[in-house]
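Architecture and fold: a report
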Amino acid sequence: MKTELVTTWTVGDVCQGFVFDANEGRGLFGLSGRLTIQPEYQRHYIYGDGRRDVAVVESLLKGYPLGLLYFVRTGDDRLEVLDGQQRITSFARYVNETNAFSVVREDGRPYHFSSLPAEEREKIAGTKLTVYVCEGTEAEIKEWFKTINIVGVSLTPQELRNAVYSGPFVSAAKAVFSNANLPVQQKWAAYVKGDPRRQEVLERALEWVSGARIADDEARREGREKIDLYMSRHRHDGNITELKAYFDSVIGWVDGVFDFIHPKMRGLEWGRLYETFHTRPYDPVATSARARALLEDEQVSDKGGVFEYVLGGETEPRLLQVRVFEKPTARRVWKRQTEEAERTGLSNCPLCASGHEANKHRKYAFEEMEADHVTAWSRGGATDESNCQMLCKTHNAAKGNR
């Protein structure tokens, strides 16, 4: 791959012909239309938070270097940004007053670009940029993009995938799943954790569909994660019909099984749960009532596990991480059982004492025993001292949920 160092372009040059799409949060063009600021494979603009965008402009006002920028030559007199689009979009928005933000100066007043003193406007516009322009194959360029972003500001895993598998499929998928302004994103946010602008909603959609459509042995044979394999296979597709339909099926199923939304629903493995349970019949009223009761149960530590527990027929109490006995409680019960064992001559483990094995008379140290619910929590037993017994570790492991 060939590279050329260019130091003649200024901030003002790059800002010429700047176009910003506020709906998608993207800087589109600069250098009088010759420069594509955000190619499809790159992340959306994330600096527009009144902090990082302001810091870029303040750096220019103070004469600080903005760091290296990388452009790719895509044709005769055509370029696209490989790395640096967040910084470029920030200063171009300020200079062109596109969705303009202000910068507070020494006098404590906020200034838009047009209200700055002439010498400060000239200082910003005249700042020279250090740009490497590279030429090479698509594979070389994408690999370089991945490398320089690993050592710079980290991209999310899905942003890297978008670069590697860029094409019509990524473009179509981003238009739906990466557009934070779509009203349906609010509904999805009840079940999916992540920022659509950082491609985290798209990643979840791809995780769900690839988990259903690609077998484990296929991924192993290819030596790739399922998401990567799915994107590779669909890279040149002009539509995302399967991806969108599957995602909608999962969300619609959850929405139908439970008649309420709870914060602990957000970020659960709904794709896996859909594949496991969606063929089972559920009464939404009964299912929702049981889930609500468990969410309000103070003895349930893992509220997020409630939903899988209910969907699975309440056969896996481990999902709930039911509150365990506190150590002082366990020690008091151990002391009481040990004193009784000394009096009777039997083991301080009630199950050993009632048996016929060699441990019938064994006295266990506190560390050799575990606190257990006499009546299991799943059968109504409470996590309090009156329902606590100390068992040797062997018997406690064998007792399970009986």
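This section reports on the structure supplied with the text. The structure presented is a predicted model; accordingly, all values stated were derived computationally and were not measured.

**Comments concerning the packing of aromatic side chains**
One pass over the structure, following the stated rule, counts 17 aromatic pairs. Their ring planes at 90 degrees and their centres at 6.3 Å tell us that Y191 and W270 sit as a pair that is edge-to-face. Of this pair, Y191 sits in the loop between α8 (184-188) and α9 (200-213) while W270 sits in helix α13 (residues 270-277), and the two are 79 residues apart along the sequence. Looking at Y191, the relative accessible area reads 1%, which means it is buried. Among the residues examined, W270 registers a relative accessible area of 0% and is labelled buried. Members of the aromatic cluster, each reached through a chain of ring pairs, are Y191, F258, F260, W270 and F307. Between R331 and the ring centre of F366, over which it is positioned, the NZ or CZ distance is 4.1 Å.

**A short note on the pairing of strand β6 (residues 78-83)**
Counting buried residues along β6, 5 of its 6 residues qualify, which places the element largely inside the surrounding structure. As defined by bridge partners, strand β4 (residues 35-36) adjoins β6 across 2 bridges and the pair is classed as parallel. For L35, the partnering residue across the bridge sits in β6 and is L79. Here strand β5 (residues 69-75) runs beside β6; their pairing, made up of 5 bridges, is antiparallel. Following the sheet pairing, R73 is matched in β6 by L79. Between β5 and β6, which pair antiparallel one after the other, the connecting turn spans 2 residues, and D77 there sits at a positive phi close to 60 degrees.

**Structural notes on the pairing of β5**
Relative to strand β9 (residues 131-135), β5 runs parallel, the two being bridged by 4 bridges. Residue pairing for β9: Y70 is matched across the bridge by Y132.

**Remarks on the pattern of salt bridges**
If you walk through the whole model with that rule in mind, you get 32 salt bridges. A salt bridge links D83 to R87; the shortest N-O distance between them is 3.6 Å. For the pair D83 and R87, a shared accessibility class is recorded, and that class is buried. A salt bridge links R161 to D228, with the shortest nitrogen-to-oxygen separation between them at 3.3 Å. Pair noted here: R161 is in helix α6 (residues 157-164) and D228 is in helix α11 (residues 226-234), with a separation of 67 residues, a long-range link. Taken as a pair, R161 and D228 share a single burial class, namely buried. Overlapping salt bridges, with partners in common, bring together R161, E203, R204, E207 and D228 in one network.

**Section: the nonpolar core**
Residues F177, L243, W253, F258, W270 and F307 are the most contacted members of the largest nonpolar core, which totals 50 residues. Those elements that provide at least two residues to this core are α7 (168-177), α9, α11, α12 (241-257), α13, α14 (284-296) and α15 (306-311). Here this core gets 8 residues from one element, more than from any other, and that element is α12. In this structure L243 touches F169, A173, F177, L202, A205, L206, V209 and Y230, once residues within four positions along its chain are discounted.

The rules behind the values
- Residue numbers restart at each chain and count upward from 1, following the sequence in its written direction.
- Confidence filtering applies because this is a predicted model: local features only for residues at pLDDT of at least 70, side-chain atom pairs given and counted only at 80 or more, and all residues used for totals across whole chains, interfaces and linings.
- Calculated side-chain values reflect all of the structure's heavy atoms, with hydrogen atoms and water omitted.
- Working definition: rings of Phe, Tyr and Trp (its six-membered ring) pair if their centres are within 6.5 Å, and the pair is stacked with planes under 30 degrees apart, edge-to-face with planes over 60 apart, and tilted otherwise.
- Only DSSP runs of H or I covering at least 4 residues are called helices, and only runs of E covering at least 2 are called strands; the numbering of each starts at the N terminus.
- Throughout, exposure labels follow a simple rule: accessible area from a 1.4 Å probe, protein chains only, divided by the maximum for the residue type, with under 20% read as buried, over 50% as exposed, and the rest as partly exposed.
- We call a charge positioned over a ring when the NZ of a Lys or the CZ of an Arg lies within 6 Å of the ring centre and within 35 degrees of the ring normal.
- Note: two strands are recorded as paired if DSSP finds a minimum of 2 bridges between them.
- We define a salt bridge as a contact between a side-chain nitrogen of Lys or Arg and a carboxyl oxygen of Asp or Glu at a distance within 4 Å.
- Buried residues of nine kinds, namely Ala, Val, Leu, Ile, Met, Phe, Trp, Tyr and Cys, make up a nonpolar core once their side-chain atoms join them within 4.5 Å.
- Throughout, a residue-residue contact means that at least one pair of heavy atoms, one from each residue, lies within 4.5 Å.

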